[in-house]
Amino acid sequence: MLIRVLGLLGGVALFMYGMQLMGENLQRVAGAKLQKILEKLTGVLAMGVTLGTVVTAVLQASGATIVMAIGLVNAGMLNLQQAFGVTMGACIGTTMTGQLVAFKLTDYIMGFVFIGYMMQILAKRSSTRFLGMVILGFGILMTGMELMGMAMRPMAQEAWFITFVTEVSKHPFWGLIFGMIATILMQSSSASIGILIALGMNGLISLETALPIMLGANIGSASPAVLASLSGTTTSQRLSLANVLYKVIGVIVAMFFLPQFVKLIIWISPDGNIAREIANGHTIFNIVNTICFMPLIKPFLNLVEKILPEQGELVPMKPVYLDENMLHTPGVAMGLAGKEVLRMGYICRKNVVFALDSLNHFNKKKVKYVLAHEPIIDKLEMDITQYITKIAYTELSEDLAEKHTDLLHAVNDLERIGDHAKTLAKRSVQIVDEPVVFSEEAKKELRTLAKMVVDVNSTALRALANSDAKLATQAVQKAQDVKEFQKVIRENHISRLSDKVCNPGNGAMLMELLINMKRVSDHSKNIAQLVRGVFEGA
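*Asks:* Could you give an account of the overall build of the protein, naming the residues involved and the relevant values?
*Replies:* Broken down by element type, the protein carries 22 helices and 0 strands. Here the protein, with 538 residues, has 50% of them falling under the buried criterion. Once local pairs closer than 6 in sequence are excluded, the contacts in the protein between residues at least 24 apart make up 80%. Carbon and sulfur atoms make up 63% of the accessible area of the protein, which totals about 24,400 Å².

Written out as structure tokens, the structure is:
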């Protein structure tokens, strides 16, 4: 008995490791490109569903796709409806693992292992090595399936197993609960379905018994997204809740029509192939559930928004997008880091705007806002840097290695921008308290320079968000204009001192303001240069 249990556990471990190996390396080959496609091509609901299906089938991880969708929603690139379309597609895409393992490829397992290993050690190009690891992972996954089957075959004679199958056949609800709990514990619906298919291949379970367990696994597969959203934004929690309700409602309907569901699966599946019937049942359930929900998506999401109303604008001190679970898929992790860097950039931009506004017309609330959010910027700089450093522990493609370096530079520049915004906010308080009085000409010049600085910063962030080299070039030129104009202000200040228009005692304050405003512009220019493929430290 102990040997069979160890064999089963070892088979499950190999199955999950093979699936992880496939997902990691498929993601290394195509993950970053897939995220870009998600960003640009999800304007139509059907397109979002299709892309969610394709991306998840490639990544072998619906959780990674849903995390991408949450990140794009919070970045303003997808609305909740578009993101939910991607999520529904992810539920279909994750069934492709079951379809793969349902094929009887056991005679060719060692061939996959050999070919994958040889590609991995002999290939010169990293993309070919990653593809070799994908094939090797599939071989390991199928080896795990074979081990599970070998360990479970003797169970057909065990009294406890016969009792379990009999009870589930009589009471499908208990099978549903079992499938849900098992999936929550393993954090992988693909593993649960894989075990069911292995049971089916060995004639240990009927379709009528397997379907309730499969439906429970579908509900359990929502647990990773639920856990990830608990400390997230309202939007991420809404998407997670919508995912849970979507699965639960679909499962309730499927359980109500279980006899008809069984007949449909048997009708479209090869005669007597239980493994294929289970895989088809998993796929059909998610496709039909998605088709039924698509016309109802607007009222459904309205209900979700009423259940979870907006809590107002809160700026979390902790990262919103960074997910330690995604570190083993560096393309996804790098994309999440990019979103967090942008979030940090938007916080910095608001601090710059409020600080410069307070210089023009002193506003105690805006100064307080800047000083309260500066520690958030510092904390984000530390957390993002640590996360990006961890990504480097995995083997990175050339493109990801370059993005890794760029993000580190961008985080450093944003932290410096936050420092200068804090200094400008403090000086606005000092100007009022002392008081420091500038001439009308100097005030007008400072207002103009402030607008120019904000424009540089905003343009650089838009360039970073969209990887737009043209916008980046505009930001660099605008930064040059800031540099030239602050020189003009210095010269005009000297002229006004000569004409006794300005108070000489206020000159030091003016110079400090000019230096800090120019440095905000310089660090913004550095970010734009990264988009252009050039780095210039300031």
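*Asks:* Any details on the environment of His282? Residues and values, ideally.
*Replies:* Looking at the secondary structure, you find His282 in helix α15 (residues 274-293). Sequence-distant contacts of His282, that is, excluding residues within four places in its chain, are made with Thr95, Ile193, Met214 and Asn218.

*Asks:* Please provide a residue-by-residue account of the environment of Lys298, values included.
*Replies:* Residue placement: Lys298 occurs in helix α16 (residues 297-307). Separated by 218 residues in sequence, Lys298 and Leu80 have C-alpha atoms that sit 9.9 Å apart.

*Asks:* Which residues make up the nonpolar core, and what values do they have?
*Replies:* In terms of nonpolar packing, the biggest core is built from 60 residues, with Met344, Leu356, Ile384, Tyr387, Leu414, Phe438 and Met517 touching the most fellow members. Breaking this core down by element, the ones donating at least two residues are α17 (330-360), α18 (364-391), α19 (398-433), α20 (440-466), α21 (469-498) and α22 (507-532). Examining the composition of this core, we find that 14 residues originate from one element, α17, more than from any other. Core analysis: the next-biggest nonpolar cluster, separate from the first, contains 37 residues, Phe138, Ala198, Ala217 and Ile219 among them.

*Asks:* Explain α22 to me, using residue names and the numbers behind them.
*Replies:* Each α-helix turn comprises 3.6 residues. Residues three or four places apart therefore point the same way. Compared with the 38 Å implied by 1.5 Å per residue over 26 residues, the 37 Å span of α22 between its first and last C-alpha is a close match. Looking one or two places after α22, you find Gly533, whose phi comes out positive at around 90°.

*Asks:* So what about the packing of aromatic side chains? Which residues, and what values?
*Replies:* Under the counting rule described, the total for this entry stands at 7 aromatic pairs. Consider the rings of Phe84 and Tyr246, whose centres lie 5.7 Å apart with planes at 85°: the pair is edge-to-face. With Phe84 in helix α4 (residues 80-93) and Tyr246 in helix α13 (residues 234-256), this residue pair connects regions lying 162 residues apart in the sequence. Of the residues examined, Tyr246 reaches a relative accessible area of 1% and is grouped as buried. Grouping aromatic residues by their ring pairs yields a cluster made of Phe84, Tyr246, Phe293 and Phe300.

*Asks:* Which residues make up the packing of α19 against α22, and what are the values?
*Replies:* At a minimum axis distance of 9 Å, the contact between α19 and α22 shows a crossing angle of 160°. As summarised for this structure, α19 and α22 are arranged roughly antiparallel, according to the angle between their axes. Regarding α19 and α22, the two cross each other, and that crossing is left-handed.

*Asks:* Account for the pattern of salt bridges, naming residues and giving values.
*Replies:* A full pass over the atoms with the stated rule returns 7 salt bridges. As a salt-bridge pair, Asp455 and Lys478 come within 3.1 Å of each other at their nearest N and O atoms. Of this pair, Asp455 sits in helix α20 while Lys478 is found in helix α21, placing the two residues 23 residues apart along the sequence. Its relative accessible area of 23% is what places Lys478 among the partly exposed residues. Linking Asp522 and Lys518 is a salt bridge whose minimum nitrogen-to-oxygen distance equals 2.6 Å. Of this pair, Asp522 and Lys518 both sit in helix α22, 4 residues apart, roughly one helical turn. Of the residues examined, Asp522 reaches a relative accessible area of 15% and is grouped as buried.

*Asks:* Run through α13, naming residues and quoting values.
*Replies:* Its 23 residues give α13 an end-to-end C-alpha distance of 33 Å, which sits within 8% of 33 Å, the value for a rise of 1.5 Å per residue. All of the buried residues in α13 are Thr234, Ser236, Arg238, Leu239, Ser240, Ala242, Asn243, Tyr246, Lys247, Gly250, Val251 and Ala254.

*Asks:* How would you sum up the packing of helix α10 (residues 189-201) against helix α11 (residues 207-220)? Please name residues and give values.
*Replies:* The contact between α10 and α11 brings their axes to 9 Å, and the two run at 170°. In terms of their interaxial angle, α10 and α11 are classed as roughly antiparallel. Two secondary-structure elements touch here, α10 through Ser189, Ser192, Ile193 and Leu196 and α11 through Ala210, Ile213, Met214 and Ala217. Its residues assigned to classes, the contact of α10 with α11 comprises 6 nonpolar, 2 polar and no charged.

*Asks:* A description of the side chain of Arg343 should follow, citing residues and the corresponding values.
*Replies:* Relative to the helices and strands, Arg343 resides in helix α17. At 2.7 Å, the side chain of Arg343 and the side chain of Glu340 are in polar contact.

*Asks:* Help me get a handle on unusual backbone geometry, residues and values and all.
*Replies:* Omega for the bond connecting Glu434 with Pro435 falls within 30 degrees of zero, at -15°, which places this linkage in the cis form. Structurally, the position occupied by Pro435 is in the loop between α19 and α20. At Ser467, a position not held by glycine, the phi torsion is positive, near 50°. Tracing the sequence through the fold places Ser467 in the loop between α20 and α21.

*Asks:* Lay out the environment of Gly144 with the relevant residues and their values.
*Replies:* Following the sequence through the fold, Gly144 ends up in helix α7 (residues 126-152). For Gly144 and Gly18, which are 126 residues apart along the polypeptide, the C-alpha to C-alpha distance reads 8.0 Å. For Gly144, the contacting residues outside a window of four places in its chain are Gly11, Leu14 and Phe15.

*Asks:* Which residues make up the confidence of the model for the protein, and what are the values?
*Replies:* Detailed conclusions should not be drawn from predicted coordinates in areas where pLDDT is low. Looking at the protein as a whole, the pLDDT averages 81, with 82% of positions reaching at least 70. Mean pLDDT values for the elements of the protein range from 62 in helix α3 (residues 62-74) up to 91 in α20.

Reading the values: the criteria
Residues numbered from 1 in each chain as written. Predicted model: local features only at pLDDT ≥ 70, side-chain atom pairs only at ≥ 80, totals over all residues. Heavy atoms only, no water. Helix = DSSP H or I, 4+ residues; strand = E, 2+ residues; numbered from the N terminus. Buried < 20%, exposed > 50% of the residue type's maximum accessible area, 1.4 Å probe, protein only. Contact = heavy atoms within 4.5 Å. Areas by Shrake-Rupley, 256 points an atom, 1.4 Å probe, with all protein chains shown as cover. Core = buried A, V, L, I, M, F, W, Y, C linked by side-chain atoms within 4.5 Å. Expected span 1.5 Å × (residues − 1). Phe/Tyr/Trp six-rings, centres within 6.5 Å; stacked < 30°, edge-to-face > 60°. Axes fitted to C-alpha atoms, helices over the stretch in contact; angles between N-to-C directions. Parallel < 35°, antiparallel > 145°, perpendicular 65-115°, else oblique. Left-handed = near helix turned anticlockwise from the far one by under 90°. Salt bridge = Lys/Arg side-chain N within 4 Å of Asp/Glu carboxyl O. Nonpolar A, V, L, I, M, F, W, Y, C, P; charged D, E, K, R; others polar. Polar contact = N/O pair within 3.5 Å; in protein donor to acceptor, adjacent residues only side chain to side chain. pLDDT = per-residue confidence, 0-100.

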